[in-house]
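# Working through the structure, step by step
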Amino acid sequence: MVSRRGFLASSAAAAASAAAALGVGATAASAIADSGQQTATASRSLVFAGPHQMGIETPIQAVTNMVAFDILPGTTLLDMQRWMFLLTDDIRRMSRGEPVLADPAPELAIGAARFSAYVGFGPSLFRKLGLEDRMPEGLIDLPAFSIDALKAEFSGGDVLIHVAADDPVVLSHGVRNLVRDSMPFATVRWNQAGFAHTPGMVPEGVTHRNLMGQIDGTANPGLDTADFDEVVWIKDGPSWIQGGTMLVFRRIAMQLDTWDQLSSVGKGEVIGRTLKEGAPLTGTKESDIPDYEARSAVGLKVIPEFAHIRRASNAGNGERIFRRPFSYEQPISKAGSMDVGLLWCAYQRNIEKQYLPMQLRLAELDLLNRWTLPIGSATFAIPRGVGEGEVIAEGLFS
Ligand code: HEM
């Protein structure tokens, strides 16, 4: 059985025979595979079919593009079914490194490069379609937080397609196909591009660094663990959401000019972890005393009270999330300031119970707030994954 993480390093020969078995003929991908020239990056494909959509319980890819749509006025449930049918077929093909049907640029399909795409639905979609009674429990519009400086052009959206890959050309080709096939049903509300390390830059299992220099993701539930299942994947409700999850998306700008004035000790204190290794400032192993309050009780009061991890952490109360943020970078200002930040993505079973109390606490007080500014925000329900013959969100729009 293929692991849920869905990682498959296929050989060039396997890619070619899979393409042949599917009857796609001499595609660009199979032509390259036949010649034995497909590189390791090109031939690495993620498994499309399974209990969960792709690109969540997956080691982070190098590049991403998140595209949010607003449905056209008068969109019907049947339109939604047609749209999902097209997207499912497109994503299935591109996850194998193949062109989509009627692909305007099939020559760009030269390999999968761990292409992934998942689809999610914002609360506004349920309202527009009159499906309020089908909103999964815990999917909410976020309240206005005191720290927010949200911009409409980075926020909201009825439908999200979140695409990622290890190659920018594969990503661009994928986004082009998915957006083109969405145009009969919706308009683009926003799109936000981001990046992480190229695979191989950090050893697998080691979390990556964000643009503040911090190791990000240490306290996350591990991929392919029972813990991950517990925190992320929804187990009840209607069948379309069982095996699905919920996304909180926040675009968070980093104030690097002032951040860079801090010493590395100061930077460590803001988070509660050393900048170099990401180790907790208490010096204890994570597993010894995972609860920060308990650490203080035994005299390990080294992490500042308002440090980010101390304010964020309340695991005992079920407030846990899986963070999978990509970095973003905008054009540099004339004065040389870098406009960077995170496309901060957090996955959980229930936004109201797992994310909201944490964010309210952080909005109230978190040393990190001085150097970060949320400028975009959206929430989406992400349907379960599908088997080979199924369509994404089957059952929701019938
Ligand atoms: C630009 C914004 C942010 C940056 C740079 C940032 C950075 C970090 C870093 C470096 C860590 C420590 C290493 C780790 O466990 O990953 C961390 C931990 C964490 N962050 Fe953030 N973070 C940001 C925003 C947020 C937001 C908006 C939330 C939730 C509302 C959040 C929740 C958490 C949680 C739950 C932890 C783990 C705490 C624990 O140790 O139990 N972070 N963050």
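In this numbering scheme, every chain counts its residues from 1 along its sequence in written order. Reporting in this predicted model follows two pLDDT cut-offs: at least 70 for local features of residues, and 80 or more for side-chain atom pairs to be given and counted; totals over whole chains, interfaces and linings ignore these cut-offs and use all residues. With hydrogens and water excluded, all non-hydrogen atoms of the structure serve as input to the side-chain values.

## Some points on the overall build of the protein
Within the protein, the secondary structure is distributed over twelve helices and eleven strands. In the protein, buried positions account for 53% of the 398 residues. Expressed as a percentage of contacts within the protein between residues at least 6 apart in sequence, the contacts between residues at least 24 apart total 80%. Accessible areas in this description were obtained via Shrake-Rupley with a 1.4 Å probe; residue shielding takes into account the shown protein chains only. As presented, the protein carries roughly 17,200 Å² of accessible surface, and 57% of it is formed by carbon and sulfur atoms. By the criteria applied, helices consist of DSSP H or I runs no shorter than four residues and strands consist of E runs no shorter than two, each listed in order from the N terminus. Exposure classes here rest on a 1.4 Å probe applied to the protein chains alone. A residue is buried below 20% of its type maximum, exposed above 50%, and partly exposed in between. The contact criterion used throughout is that any non-hydrogen atoms of two residues lie within 4.5 Å.

## A short note on helix α12 (residues 351-364)
Take the number of residues in a helix, subtract one, and multiply by 1.5 Å to get its expected span. If you check α12, its first and last C-alpha atoms are 18 Å apart, about what 14 residues at 1.5 Å a residue would give, namely 20 Å. Inspection of α12 places Ile-351, Gln-354, Tyr-355, Leu-356, Met-358, Gln-359, Arg-361, Leu-362 and Ala-363 among the buried residues, and these make up the whole buried set. Tucked inside the fold, the buried residues of α12 contact α7 (226-232), β7 (245-254), α11 (308-312), β10 (339-348) and β11 (372-382). Polar contact is defined as a pair of N or O atoms within 3.5 Å, subject to the rule that within protein one atom must be able to donate a hydrogen and the other to accept it, and that residues adjacent in sequence are counted only when both atoms are side-chain atoms. Sitting at the head of α12, Asn-350 places a side-chain oxygen 3.0 Å from the backbone nitrogen of Glu-352.

## Some thoughts on the pattern of salt bridges
Every case where a carboxyl oxygen of Asp or Glu lies within 4 Å of a side-chain nitrogen of Lys or Arg is listed as a salt bridge. Within this structure, the stated rule accounts for 18 salt bridges. Across the pair Arg-361 and Glu-319 runs a salt bridge whose closest N-O atoms are separated by 2.9 Å. Taken together, the residues Arg-361 in helix α12 and Glu-319 in the loop between α11 and β8 (322-323) connect sequence positions 42 residues apart. Accessibility expressed as a relative area gives 5% for Glu-319, which makes it buried. One salt-bridge network, in which partners are shared between bridges, spans Arg-92, Arg-96 and Glu-388.

## Quick notes on the coordination of the iron atom of the ligand
Among protein residues, the single donor to the iron atom of the ligand is His-308 (NE2), with a metal-donor distance of 2.1 Å. With respect to the helices and strands, His-308 occurs in helix α11. Note: metal donors comprise N, O and S atoms at 2.8 Å or less from the metal (3.2 Å for Na, K and Ca); water molecules are not included, so apparent gaps in a site are possible.

## Overview of the environment of Leu-396
Here Leu-396 shows up in the segment after β11. Given the relative accessible area of 0%, Leu-396 is considered buried. Between the alpha carbons of Leu-396 and Ile-241 there is a distance of 8.8 Å; along the sequence they are 155 residues apart.

## What to know about the packing of aromatic side chains
Note on aromatic pairs: the rings of Phe, Tyr and Trp (six-membered ring only in Trp) are paired at centre separations within 6.5 Å, and the planes decide the class, stacked below 30 degrees, edge-to-face beyond 60, tilted for the rest. For the structure shown, the criterion picks out eleven aromatic pairs. Between Trp-83 and Phe-185, the aromatic rings sit 5.7 Å apart at their centres with planes inclined by 10°, giving stacked as the arrangement. Here the residue Trp-83 occupies a position in helix α4 (residues 77-95), and Phe-185 occupies one in the loop between α6 (168-180) and β6 (186-195), the gap between them amounting to 102 residues. Residue Trp-83 is classed as buried on the basis of its relative accessible area of 0%.

## Observations concerning the nonpolar core
Among buried residues, those of type Ala, Val, Leu, Ile, Met, Phe, Trp, Tyr and Cys that are joined through side-chain atoms within 4.5 Å constitute a nonpolar core. Ranked by size, the top nonpolar core spans 75 residues in total, and within it Met-80, Trp-83, Met-84, Phe-121 and Phe-397 carry the most contacts. Excluding residues within four positions of it along the chain, Met-84 makes contact with Val-119, Phe-121, Val-391, Ile-392 and Phe-397. Among the nonpolar cores identified, the runner-up in size contains 27 residues, and Met-66, Ala-164, Ala-253 and Ile-375 belong to it.

## Overview of a nonpolar patch on the surface
Together, Phe-306, Leu-365 and Leu-367 give the surface a local cluster of nonpolar side chains, amounting to about 220 Å² of exposed area. Checked against the element boundaries, Phe-306 lands in the loop between α10 (292-297) and α11. Candidates for patches are residues over 30% relative accessible area with no salt bridge; among them, like charges are joined within 9 Å and nonpolar side chains (Val, Leu, Ile, Met, Phe, Trp, Tyr) within 5 Å.

## Quick look at α6
For α6, spanning 13 residues, the distance from its first C-alpha to its last is 18 Å, which sits close to the expected 18 Å at 1.5 Å a residue. Every buried residue belonging to α6 is among Val-170, Leu-171, His-173, Gly-174, Val-175, Asn-177, Leu-178 and Val-179, and all of these are buried.

## Notes on the confidence of the model for the protein
Taken over all residues, the pLDDT of the protein has a mean of 88, while the share at 70 or more is 85%. Confidence, expressed as mean pLDDT per element, reaches its minimum in the protein at strand β1 (residues 7-9) with 37 and its maximum at strand β5 (residues 159-165) with 99. As a per-residue measure, pLDDT reflects the predictor's confidence and takes values from 0 up to 100. Note that residues 1-29 has pLDDT below 50 and, in this model, 50 contacts with residues that lie over four places away or in other chains.

## Some words on the packing of α4 against α6
Relative orientation of the contacting elements α4 and α6 amounts to 165°, with a least axis distance of 10 Å. In terms of their interaxial angle, α4 and α6 are classed as roughly antiparallel. Between α4 and α6 the crossing geometry is right-handed. Counting all contacts with α4, which are made through Leu-87, Asp-90, Ile-91 and Met-94, the residues of α6 involved are Gly-174, Asn-177 and Leu-178. When residues are grouped by polarity, Ala, Val, Leu, Ile, Met, Phe, Trp, Tyr, Cys and Pro land in nonpolar, Asp, Glu, Lys and Arg in charged, and all others, Gly among them, in polar. For the contact of α4 with α6, the residue count by class is four nonpolar, two polar and one charged. Every axis in this analysis is a line fitted to C-alpha atoms, fitted for helices over the stretch in contact. Angles between the N-to-C directions lie between 0 and 180 degrees. Small angles under 35 degrees read as roughly parallel and large ones over 145 as roughly antiparallel, with 65 to 115 read as roughly perpendicular and the rest as oblique. In this scheme the handedness of a crossing depends on how the near helix is turned from the far one: anticlockwise by less than a right angle means left-handed, clockwise means right-handed.

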